[in-house]
Amino acid sequence: MPKLACRILVINDEQLVLREFVKGLNAAARALDNPLGISFTGVTTAKEALSVIESDGDLQAVLVDDTLYSLARNNGRDNEKKQLQMSALELVQRITRFRPELDVYILIAQEKEDDVVDALFAESVDGYFYREERDYRGIYRILNAQIQERARTPFYDALKNYVWMAKDQWHTPGHSSGESLRGSPWVNDFYEFMGEHVFDADLSVSVPMLDSLMEPKGVIGEAQAMAAKAFGARRTYFATNGTSTANKVIFQTLLAPGEKLLLDRNCHKSVHHGVVLSGAHPIYLDSALNSKYGLYGPVPKKTLFREIQKHSDAQALILTSCTYDGLRYDLAPIVQAAHAKGIKVIIDEAWYGFARFHPEFRPTALEAGADYATQSTHKVLSAFSQASMIHINDPEFREHLFRENFNMHTSTSPQYGLIASLDVARKQAVMEGYKLLGRTLELAKEARELINSTRVFRVLELDDLLPEQTRADGIRLDPTKVTIDISGCGYTAEDLQKELFERYNLQVEKSTFNTLSLLFTIGTTRSKLSRLYDALMRIAREGRHPRRLVQTPEIPAFTRLKLLPRDAYYCGGELLPVFDERERVNRGLAGRVCADQIVPYPPGIPVLVPGQLITGTVVEYLADLLRSTRRMEMHGIVHEGYVPCVRVLKSAEEKALQHLP
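Predicted, not measured: the structure shown is a model, and the values here were computed from it.

**Quick word on the overall build of the chain**
Looking only at helices and strands, one finds 22 helices and 27 strands in the chain. Rg of the C-alpha trace for the chain: 28 Å, near the compact-globule value of 26 Å for 661 residues, within the 12% margin. The principal-axis extents of the C-alpha atoms in the chain amount to approximately 95 × 70 × 55 Å. A burial count over the chain gives 55% of its 661 residues as buried. Intrachain contacts of the chain at a sequence separation of at least 6 include 73% that bridge at least 24 residues. Counting only carbon and sulfur atoms, one obtains 50% of the accessible surface of the chain, whose full area is about 30,300 Å². Across the chain, 79 positive and 85 negative side-chain charges occur, with their mean positions spaced 4 Å apart.

Next up, the structure:
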């Protein structure tokens, strides 16, 4: 196991004082208990300090002198004089903007105590030391304790300790720490494959010392509070049903039946399910389309501003940032425009939960002013699948109502391994996220160069990915999402994925008709990249002639919402076939109201939602997809035998419901 190494940077402009401080602190670290491998280093200027902070991923804390001076020479030594380099306030602000996870302490002169403390009171300062006391052991103990506190995982520690206690179980779950499987001639292989601790840690809510996810007052509450601090939120809640459930909980908290919600039509389907559950009146905003690559991007900024102005009575706005393909909204002006009308802003950051921990990816949604952010911690950090977080900065947050909705969707028997993985993922992000993300960015950059060097495959950059309508919207690209143009390789996207999987043991994230998408994470390694490059270069050298790639038809623009989605969904309805007996398109579907959500995957955007008017264009689109030879999931289509059908409202049901204006 690699040894821990933590460095602490001391910044003081007087060389002799700095040398004495660093020497004294390192002596204290050697003499006292040092489980984290703490060592001290020093610099004399703010510029050097910022350089070290940028380059050293093992840095965990900074001691800043309250004033930083440098010598200015004018016409020789006699004219030397001290001038202020940078105030402690300015340096602290720059440090916390760049790496907010670092602990920051100030060295002050006792006579300046009040002035310095007052000036830095509102900043992210963790404490103060008197410069003249030179209590190196005392300073070391405090820094060591603070870093250990940040590295603590209250829930995981409690879970692990409980498992080591090896208590006899007279409670659920039925496998009783794996006893029902261990040694079984039929299922012992499952026990061996999964590992004993998976079963040891799968415990019941009957264990009080492990707290309750539904009403946390102990180690779960503590772990959530530490996550809130790490991610820059006022409050954080752990979700064990994925971000899908997180979105639904927020909707039911903010929206009463009939209240308006502005939403990107390209939002995850859980958002559309949340519309049904909450009874909201959705105002769907069409995403911008890059037709060359079949990629749906953000909603154009001018559309957002127009709809915010037009629907100033909306309760909330939800957007996805970054998108599946890595496109990030310029959120701050959008949030500002929404807040000016009293509209709450929810950002689905499912693919962007790591952003807080490297300046390349910031600002995060919360830093841009969003009220709520949901993150799939499992997608991009080291948590188990389904483990997500809800971050809240809403100044008008209604905790009781949120808790009731949260508990409505949360199992009374949560998987403790998921909760522990969230605790551990937060710890890793805080302690080494900057370093790991720096490595990920380097690998993503290297991947672009290697893939482009094949001269057959090409990585798409921001200019390639941006739809025309959004080019002036300040959108940025998350470099860890790598989209490859495959149109020159001679394979279809499906055949290329099959070749990569079966011949080269590589599984990619997703595809369109002419692109493949790769996801670079903190778990990506250089050896994985080498194998990817080797596979793509071998395929490129086959010298296949480019072939015509058939593009999936564009999703029709949103038609019209005649009824609230909730009202339409809960009708019994009737099934109408997409084709008639002679395999022609059933024109009788046009003019009817859909009762279900119809979603083709890819791209995963609803063609129809409950309550939406079906038009002839939509019917033709569905028919084209169903006739296509391309493998595609069609969520919401009902098959009666071999006949694909759509559930629509009966005429009497439609007449009985209140129509939207």
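**What to know about the sheet that holds strand 7 (residues 127-130)**
With parallel pairing, the five strands of this open sheet are ordered in space as 2-1-3-6-7. Two strands lie at the open edges of the sheet, namely strand 2 (38-43) and strand 7, each paired on one side alone. Between one strand axis and the next, the sheet turns by 25° as a mean value, whatever way the strands run. Pairing of strand 1 (residues 6-11) with strand 3 (residues 59-65) involves five bridges; the strand directions are parallel. Among the inter-strand pairings, Ile8 is bridged to a residue of strand 3, identified as Ala61.

**Let's talk about helix 12 (residues 301-310)**
Among all positions in helix 12, only Lys301, Thr303, Leu304, Glu307 and Ile308 are buried. Angular distribution of buried residues about the axis of helix 12 spans 155°; they occupy a single face of the element. Turned more than 90 degrees away from the buried face of helix 12, the exposed residues are Lys302, Gln309 and Lys310. Buried residues along helix 12 sit in contact with strand 9 (260-264), strand 10 (281-285), strand 13 (316-320) and helix 13 (331-340).

**Examining a nonpolar patch on the surface**
Nonpolar side chains collect at one region of the surface, where Trp186, Val187, Phe190, Phe193, Met194 and Val198 lie side by side and expose about 680 Å² of accessible area between them. Within the secondary structure, Met194 is located in helix 7 (residues 188-194).

**Concerning the sheet that holds strand 27 (residues 643-648)**
Spatially, 23-27-26 is the arrangement adopted by the three strands of the open sheet, whose pairing is antiparallel. Looking at the sheet topology across the chains shown, the edges are occupied by strand 23 (574-577) and strand 26 (638-640). Adjacent strand axes in the sheet meet at a mean angle of 50°, parallel and antiparallel pairs treated alike. In the sheet, strand 26 pairs with strand 27 via three bridges, with the strands oriented antiparallel. Residue pairing for strand 27: Val638 is matched across the bridge by Cys645.

**Quick word on the packing of aromatic side chains**
If you walk through the whole model with that rule in mind, you get 19 aromatic pairs. For the pair Tyr284 and Phe558, a centre-to-centre distance of 4.7 Å together with 35° between the ring planes defines the contact as tilted. Of this pair, Tyr284 sits in strand 10 while Phe558 sits in the loop between helix 19 (526-540) and helix 20 (565-569); the two residues are 274 residues apart in sequence, bridging distant segments of the chain. Of the two residues examined, Tyr284 and Phe558, each falls in the buried class. When the ring of Tyr324 is compared with that of Trp351, the centres are 4.5 Å apart and the planes differ by 20°; the resulting orientation is stacked. Placement of the pair is Tyr324 in the loop between strand 13 and strand 14 (327-328) and Trp351 in the loop between strand 15 (344-348) and strand 16 (372-375), with a sequence separation of 27 residues.

**As for the side chain of His175**
As for its placement among the helices and strands, His175 is situated in the loop between helix 6 (154-165) and helix 7. Judged by relative accessible area, His175 falls into the buried class, the value being 14%. Here Ser177 takes part through its backbone nitrogen, which lies 3.3 Å from a polar atom of the side chain of His175. With sequence-adjacent residues up to four places away left out, His175 is seen in contact with Ser180, Leu181, Phe199 and Asp202.

**Observations regarding the nonpolar core**
Counting residues in hydrophobic clusters, the biggest one holds 95 residues, and the most contacted among them are Phe40, Leu63, Phe155, Leu261 and Phe402. Tallying contributions element by element places helix 16 (residues 416-453) first for this core, with 11 residues. Counting 26 residues, the second largest nonpolar core, distinct from the first, contains Leu443, Tyr491, Leu496 and Leu506.

**A look at the state of the cysteines**
According to the stated counting rule, one finds zero disulfides in the structure shown. There is no disulfide at Cys594, and the cysteine sulfur nearest it, in Cys571, is 12 Å away.

**Comments concerning the side chain of Thr524**
Locating Thr524 in the fold gives a position in the loop between strand 22 (515-519) and helix 19. A distance of 2.9 Å separates the side chain of Thr524 from the backbone nitrogen of Thr521, its partner in a polar contact. Sequence-distant contacts of Thr524, that is, excluding residues within four places in its chain, are made with Arg439, Leu443 and Leu519.

**Here we look at the packing of helix 6 against helix 16**
Where helix 6 contacts helix 16, the axes come no closer than 7 Å and their chain directions differ by 130°. On the basis of their axis angle, the class for helix 6 and helix 16 is oblique. In the crossing of helix 6 with helix 16, the sense of the turn from one axis to the other is left-handed. Where helix 6 abuts helix 16, its residues Pro154, Phe155, Tyr156 and Leu159 lie against Tyr416, Ile419, Ala420, Asp423, Val424 and Arg426.

**Comments concerning the pairing of strand 17 (residues 388-392)**
Along any regular strand, the residues point their side chains to alternate faces of the sheet. Burial analysis of strand 17 places five of its five residues in the buried class, the great majority of the element. The alternating pattern of strand 17 places Ser388, Ile390 and Ile392 and Met389 and His391 on opposite faces, both of which are buried. Where strand 8 (residues 235-239) lies against strand 17, five bridges are found, and the strand directions are antiparallel. The residue of strand 17 that forms the bridge with Ala239 is Ser388. Pairing analysis gives four bridges linking strand 16 to strand 17, with the strands arranged antiparallel. Of the residues in strand 17, the one forming a bridge with Ala373 is His391.

Quick notes on the rules
Residues numbered from 1 in each chain as written. Predicted model: local features only at pLDDT ≥ 70, side-chain atom pairs only at ≥ 80, totals over all residues. Heavy atoms only, no water. Helix = DSSP H or I, 4+ residues; strand = E, 2+ residues; numbered from the N terminus. Rg over C-alpha atoms; globule rule 2.2 N^0.38 Å. Buried < 20%, exposed > 50% of the residue type's maximum accessible area, 1.4 Å probe, protein only. Contact = heavy atoms within 4.5 Å. Areas by Shrake-Rupley, 256 points an atom, 1.4 Å probe, with all protein chains shown as cover. Lys, Arg positive; Asp, Glu negative; His and termini not counted. Charge placed at Lys NZ, Arg CZ, Asp CG, Glu CD. Pairing = 2+ DSSP bridges. Axes fitted to C-alpha atoms, helices over the stretch in contact; angles between N-to-C directions. Arc of directions from axis to C-beta. Patch = residues over 30% accessible without salt bridge, like charges linked within 9 Å, V, L, I, M, F, W, Y side chains within 5 Å. Salt bridge = Lys/Arg side-chain N within 4 Å of Asp/Glu carboxyl O. Phe/Tyr/Trp six-rings, centres within 6.5 Å; stacked < 30°, edge-to-face > 60°. Polar contact = N/O pair within 3.5 Å; in protein donor to acceptor, adjacent residues only side chain to side chain. Core = buried A, V, L, I, M, F, W, Y, C linked by side-chain atoms within 4.5 Å. Disulfide = S-S within 2.5 Å. Parallel < 35°, antiparallel > 145°, perpendicular 65-115°, else oblique. Left-handed = near helix turned anticlockwise from the far one by under 90°.

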